[in-house]
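Analysis of the macromolecular model
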Amino acid sequence: MLKDYIFGIIDGIVACFTANMSWTYLATTFWFLIFVEFPRYYLLDIVAAIHRGLTWKSRRRKEAIARRMLNLERPLVSILVPGKNEGPQLYRLLESLNEQTYSNFEIIVIDDGSDDATPSICRDLMKHGRIHQFYRMAERGGKASAANYGLMHANGKYVVHVDADSSLDRDAVERILLPFYMDRYVRGAGGCIKVRNLDDSMCTSMQALEYLRTIQVGRMVTDLFGIYHIISGAFGAFETQTLREIGGWDIGPGLDGDITQKLRKAGYKVRFVPDAICLTNVPVRWSGLFKQRLRWSKSLVRFRIRKHRDIFRADKNFSFSNMFSNLDNILFDFVFNYVWIFYIITLIFAATDRLFDIFIVGWLIRLSFSITSFIVMQCVSERSRSERRLGALLIFHSLYMGYFMRIARLCGHTMEFFFRSSYRDPWNPVKTSSVAQAEGL
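Throughout what follows, the structure given in this document is the object of discussion.

Thresholds applied
Per chain, residues are indexed from 1 in the order of the written sequence. At least 70 in pLDDT is required for a residue's local features to be given in this predicted model, at least 80 for side-chain atom pairs to be given and counted, and no such filter applies to totals for whole chains, interfaces and linings, which use all residues. Side-chain metrics in this entry use all non-hydrogen atoms of the structure; hydrogen atoms and water are not considered. In DSSP terms, a helix is any run of H or I states spanning at least four residues, a strand is any run of E spanning at least two, and both are numbered starting from the N terminus. Partly exposed residues are those whose accessible area sits between 20% and 50% of the maximum for their type, while under 20% is buried and over 50% is exposed, using a 1.4 Å probe and protein chains only. Contacts between residues were defined by any pair of non-hydrogen atoms, one from each residue, lying within 4.5 Å. Computed with the Shrake-Rupley method and a 1.4 Å probe, the accessible areas treat only the protein chains shown as cover for residues. Only four residue types enter the tally: Lys and Arg on the positive side, Asp and Glu on the negative side, with His and both chain ends excluded. Salt bridges are defined as contacts in which a side-chain nitrogen from Lys or Arg sits within 4 Å of a carboxyl oxygen from Asp or Glu. Polar contact is defined as a pair of N or O atoms within 3.5 Å, subject to the rule that within protein one atom must be able to donate a hydrogen and the other to accept it, and that residues adjacent in sequence are counted only when both atoms are side-chain atoms. Two strands make a pair as long as DSSP finds a minimum of two bridges between them. A fitted line through C-alpha atoms serves as each axis, taken over the contacting stretch for helices, and the angle formed by two N-to-C directions is quoted from 0 to 180°. Working definition of a nonpolar core: buried Ala, Val, Leu, Ile, Met, Phe, Trp, Tyr and Cys residues. They are joined through side-chain atoms within 4.5 Å. Relative orientations are named as follows: roughly parallel for angles under 35 degrees, roughly antiparallel for angles over 145 degrees, roughly perpendicular for angles from 65 to 115 degrees, and oblique for any other angle. Left-handed describes a crossing whose near helix is turned anticlockwise from the far helix through less than a right angle; right-handed describes the clockwise counterpart. Note on residue classes: Ala, Val, Leu, Ile, Met, Phe, Trp, Tyr, Cys and Pro are nonpolar, Asp, Glu, Lys and Arg are charged, and everything else, Gly too, is polar. We place a 1 Å grid over just the protein atoms. Points where a 1.4 Å probe fits but has no way out form a cavity, open points with protein on both sides within 12 Å along at least 5 of 7 lines form a pocket, and any residue with an atom within 4 Å of a point lines it. Grid points are joined across faces, edges and corners, and a volume is the space filled by probe spheres set on the points. Note on handedness: a crossover is taken as right-handed if, strands pointing away from the viewer, the path from the first strand over the helix to the second is clockwise. Patch definition: residues with relative accessible area over 30% and no salt bridge; like charges joined within 9 Å; nonpolar side chains (Val, Leu, Ile, Met, Phe, Trp, Tyr) joined within 5 Å. The rule is short: rings of Phe, Tyr and Trp, with Trp giving its six-membered ring, pair when the centres are within 6.5 Å, and they are stacked under 30 degrees, edge-to-face over 60, tilted in between.

Describing the overall build of the protein
Scanning the protein from N- to C-terminus turns up 17 helices and eight strands. Taking the principal axes of the C-alpha coordinates as reference, the protein spans close to 75 × 50 × 50 Å. Of all 441 residues assigned to the protein, the portion counted as buried reaches 56%. Relative to all contacts within the protein whose residues are 6 or more apart in sequence, the contacts with residues 24 or more apart total 83%. Accessible surface for the protein amounts to roughly 20200 Å². Of this, 60% is attributable to carbon and sulfur atoms.

Section: the side chain of Glu106
Structurally, Glu106 is set in strand E2 (residues 105-112). Of the side chains with opposite charge, Arg244 comes closest to the buried, unpaired Glu106, at an N-O distance of 7.5 Å. One polar contact links Glu106 to Gln133, side chain to side chain, over a distance of 3.2 Å. Setting aside residues no more than four positions away along its own chain, Glu106 makes contact with Leu76, Val77, Ser78, Ile79, His132, Gln133, His153, Ala154, Asn155 and Gly156.

What to know about the sheet that holds E2
Strand pairing within a sheet occurs via backbone hydrogen bonds; the two strands may be parallel or antiparallel. Sheet architecture is open: eight strands sit in the order E3-E2-E1-E4-E7-E6-E8-E5, paired in mixed fashion. Edge positions in the sheet fall to strand E3 (133-137) and strand E5 (166-168), since each of these pairs with one other strand and no more. Between one strand and the next, the sheet's axes are offset by a mean angle of 30°, whatever the strand orientation. Where strand E4 (residues 158-162) lies against strand E7 (residues 235-239), five bridges are found, and the strand directions are antiparallel. Along E7, the bridge assignment pairs His161 with Gly236. Helix-sheet contacts for helix H7 (residues 143-152) involve strand E1 (77-83), E2, E3 and E4, and the interaxial angle to E1 is about 150°.

Topic: the nonpolar core
Grouped together as the largest cluster of nonpolar side chains are 91 residues, with contacts concentrated most on Val81, Leu90, Leu97, Leu177, Phe235 and Trp249. Top element by residues in this core is helix H9 (residues 202-224). It accounts for ten residues. Each residue touching Trp249, except ones within four places of it in the same chain, is listed here: Leu80, Ala144, Ala147, Asn148, Leu151, Val159, His161, Phe238, Leu243, Leu255 and Ile259. Of all hydrophobic cores here, the second largest spans 17 residues; its members include Leu26, Phe30, Phe32 and Ile358.

A look at the packing of helix H3 (residues 31-54) against helix H14 (residues 355-380)
Where H3 meets H14, the closest approach of the two axes is 9 Å, and the angle between their N-to-C directions is 15°. One finds that H3 runs roughly parallel with respect to H14. Between H3 and H14 lies a crossing whose hand is left-handed. Residues Leu33, Glu37, Phe38, Tyr42, Asp45, Ile46, Ala49 and Arg52 of H3 lie in contact with H14, whose contacting residues are Gly362, Ile365, Arg366, Phe369, Ser370, Thr372, Ser373, Val376 and Val380. A breakdown of the residues in the contact of H3 with H14 according to their chemical character gives nine nonpolar, four polar and four charged.

Thoughts on the layout of surface pockets
The space that makes up the second largest pocket amounts to roughly 600 Å³. Forming the boundary of the second largest pocket are 22 residues, of which Arg52, Arg59, Met182, Asp223 and Arg271 lie nearest the centre. Within the residue set of the lining of the second largest pocket, elements represented by two or more residues are H3, helix H4 (56-73), helix H8 (172-182), H9 and strand E8 (269-280). Top element by residues in the lining of the second largest pocket is E8. It accounts for five residues. Here the residues of the lining of the second largest pocket are counted per class, giving ten nonpolar, three polar and nine charged.

Some words on the pairing of E4
When you tally the buried positions in E4, you get five out of five residues, the bulk of the element. Along E4, one buried face is formed by Tyr158, Val160 and Val162 and the opposite face, lined by Val159 and His161, is buried too. Two elements, E1 and E4, share four bridges in a ladder whose sense is parallel. The partner of Leu80 across the bridge, within E4, is His161.

Some thoughts on the pairing of E3
Both E2 and E3 contribute to a ladder of five bridges, which runs parallel. Counted as the bridge partner of Asp112 is Met137 from E3. The parallel pair E2 and E3, bridged by helix H6 (residues 118-127), forms a crossover whose chirality is right-handed.

Here we look at the pattern of salt bridges
Evaluation of the coordinates by the stated rule reveals 27 salt bridges. The partner of Glu37 in a salt bridge is Arg366, and the shortest N-O contact between them spans 3.0 Å. Here Glu37 is found in helix H3, whereas its partner Arg366 is found in helix H14, with 329 residues between them in sequence. Between Asp169 and Arg383 there is a salt bridge whose closest N-O contact spans 3.1 Å.

Examining a nonpolar patch on the surface
On the surface, Ile341, Ile345, Ile348, Phe349 and Leu355 cluster together into a nonpolar patch covering about 450 Å² of accessible area. The dominant element in the nonpolar patch, judged by the number of residues it contributes, is helix H13 (residues 320-350), at four residues. Tracing the backbone shows Ile345 in helix H13. Assessed through its relative accessible area of 43%, Ile345 is described here as partly exposed.

As for the packing of aromatic side chains
Pairs of aromatic rings are described using the distance from one ring centre to the other and the angle between the two planes. Tallying each qualifying case throughout the model produces 26 aromatic pairs. Each ring, one from Phe318 and one from Phe320, has its centre 5.0 Å from the other, and the planes form 80°; the classification is edge-to-face. Residue classification places Phe320 among the exposed positions, given a relative accessible area of 55%. Ring centres 6.0 Å apart and planes at 70° place the aromatic pair Trp340 and Tyr403 in the edge-to-face group. On the criterion of sequence distance, the pair formed by Trp340 in helix H13 and Tyr403 in helix H16 (residues 394-419) is long-range, its members being 63 residues apart.

See below:
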């Protein structure tokens, strides 16, 4: 009833603004939204949700078999926690690890040259048996360097990489290991990242809604079609030996996407686990969020377009699934951003006298799409009741995704494509960025 009421209101408002707009006019005016964004970001979400519902029983049977195999073997798992100045954040993570349904793991913390109390905090935690190994890098080398140092000392059959400011649901470690026992070709699995500090500000609440759509639902889509291309650095699992074979993590701002691409190019499978939940903190201020997305966007150009461009080369290692995985990311997150600029400019010049009406109608169309998408989110989420209140933000979310995020991506892509600015990003030390640039990483 509520859904019908909302759609009735939207239809009424749209009718007021579209009295002189034919269906042909709407299609030609909003072609980018209808023919580019809707099929990829809304229609496929519905397809993925329906598929998940239809395959529920068979998936549960496979998971039950995999869980029995996991519990029979009970392999040691090495949980790597690299970071700088993250000592105070560790307590919540360790509490969540202490409550895990799977308990045969070692915790390895790697301090990447912290200049606060992190070393003393970690030594105290190790003294009391809450972490198993602690290593301090005297000089900061970057997150990839710290993670690789931890990988050198990992004793487990599997490595789980987590951020220090994260916390895991009770069954998260167990669930993220199941794909390895469901398919012997799987060498990497990514967990589902959700926002923990969603009540801190409007900015964090918007990100919480975004993560639901782009991670929990969006990565279900890419996983369904075999083009899943990013195991989140906040929570990802790997077979240790395979991780060592491909050389571990490379230096860069997008090491999570890069390591996923390296696994795919090596011929292995990667899977997304939507019910292996990791909660993480996100930027509270808009300025911090903008800087974060600049960095993420630069990584797409640096790794997808530049470093891994050989994925489009038809040689003996060519794979259609790898090509489409990269193509999907580059086309929809990079190319169509510039097409969008062209679309907006032509719209301004072609319909100057109706810009306000077009803006309102476009926003209403996006809102109707967002409501549909939110219903899909509610169907697949494991904590839909607590997330239901985020629906109140839908009236702003289309502006957030359609303008703020798109502009952030455009700035990041342009800065990296023309100026290679990621090599000057303070997220990595200057010395490691210089080496990475020299070696083409």
